[in-house]
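What the coordinates show
The chain contents come next:
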Amino acid sequence: MEKTYLAVVVGEPKQNEWTCEFKLAPDKKRFRKMKVDSHHGKNAETHFKILETRGKFTLIEAKPVTGRTHQIRVHLAESGCPVAGDELYGKIEGNLPLGLRAVRLAYADPFTKSAWTSSADREVFEGIRVLIRVFTL
């Protein structure tokens, strides 16, 4: 299964492309949250790539290899660039919507073995670009 997301984050990552492999586990002190836990966490891997930077916001493509709860959100927050509007892992700046959207899903059908792909409408992608521009006004 291949998944692609777009994220608007606060800040600018140090690298244009990187892979995050922080292990993740439930945060027993905070209900609904996950945390990085190198000892008891489960493997989690996400590939990131910067697409655009405007002011204090950056548009990032995220491709998770594993599918842990809140994986992209935790990996970005721990990398120093939380998702804009993320109440659990980021800093709230104004009344921003969560800046994370799934834009592509691809897999091989288990019965027919044929490739299957679903992509978000181009308007979704352009809407995210507009969103990052609005954030920087």
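Refer to the structure presented above.
Okay, so let's go over this structure. (Residues numbered from 1 in each chain as written. Predicted model: local features only at pLDDT ≥ 70, side-chain atom pairs only at ≥ 80, totals over all residues. Heavy atoms only, no water.)

**Description of the sheet that holds strand S1 (residues 2-10)**
Within the open sheet, the 6 strands sit side by side as S2-S5-S6-S1-S7-S8. Their pairing is antiparallel. On the outer flanks of this sheet lie strand S2 (17-20) and strand S8 (115-119), each paired with one strand and no other. Here the strands of the sheet are splayed against their neighbours by 20° on average, with no regard to which way each runs. Relative to strand S5 (residues 46-54), S2 runs antiparallel, the two being bridged by 4 bridges. Paired with Thr-19 across the strands is His-47, a residue of S5. Contacts between helix H1 (residues 71-78) and the sheet are confined to S1, S2, S5, strand S6 (57-64) and strand S7 (100-108), with S5 contributing the most and set at about 65° to the helix. (Pairing = 2+ DSSP bridges. Helix = DSSP H or I, 4+ residues; strand = E, 2+ residues; numbered from the N terminus. Axes fitted to C-alpha atoms, helices over the stretch in contact; angles between N-to-C directions. Contact = heavy atoms within 4.5 Å.)

**Some thoughts on the side chain of Lys-33**
When you line up the elements, Lys-33 lands in the loop between strand S3 (24-26) and strand S4 (34-36). Of the polar contacts made by the side chain of Lys-33, one reaches the backbone oxygen of Leu-88; its length is 2.9 Å. (Polar contact = N/O pair within 3.5 Å; in protein donor to acceptor, adjacent residues only side chain to side chain.)

**Quick word on the pairing of S6**
A large share of S6 lies buried, amounting to 7 of its 8 residues. Strand direction decides the pairing type here: S1 and S6, joined by 6 bridges, are antiparallel. The partner of Tyr-5 across the bridge, within S6, is Ala-62. Strand direction decides the pairing type here: S5 and S6, joined by 8 bridges, are antiparallel. Directly across from Lys-49, in S6, lies its bridge partner Glu-61. Connecting S5 to the next strand, S6, in antiparallel fashion are 2 residues, including Gly-55 with a positive phi near 60°. (Buried < 20%, exposed > 50% of the residue type's maximum accessible area, 1.4 Å probe, protein only.)

**Some remarks on the environment of Ala-62**
By secondary structure assignment, the location of Ala-62 is in strand S6. According to the relative accessible area criterion, Ala-62 is buried, its value standing at 0%. Separated by 39 residues in the primary sequence, Ala-62 and Arg-101 have C-alpha atoms spaced 9.8 Å apart. Residues contacting Ala-62, with those up to four places away along its chain left out, are Lys-3, Thr-4, Tyr-5, Thr-46, His-47, Phe-48 and Ile-72.

**Points about a positive patch on the surface**
A contiguous patch of positive charge on the surface is contributed by Lys-28, Lys-29, Arg-30 and Lys-35. Residue placement: Lys-35 occurs in strand S4. (Patch = residues over 30% accessible without salt bridge, like charges linked within 9 Å, V, L, I, M, F, W, Y side chains within 5 Å. Areas by Shrake-Rupley, 256 points an atom, 1.4 Å probe, with all protein chains shown as cover. Salt bridge = Lys/Arg side-chain N within 4 Å of Asp/Glu carboxyl O. Lys, Arg positive; Asp, Glu negative; His and termini not counted. Charge placed at Lys NZ, Arg CZ, Asp CG, Glu CD.)

**Brief notes about the packing of aromatic side chains**
For any pair of aromatic rings, the description rests on two quantities: the centre-to-centre distance and the angle between the ring planes. Taken as a whole, this structure holds 2 aromatic pairs when the rule is applied. Between Tyr-107 and Trp-116, the ring centres sit 4.9 Å apart and the planes meet at 40°, which makes this aromatic pair tilted. What makes Tyr-107 partly exposed here is its relative accessible area of 28%. (Phe/Tyr/Trp six-rings, centres within 6.5 Å; stacked < 30°, edge-to-face > 60°.)

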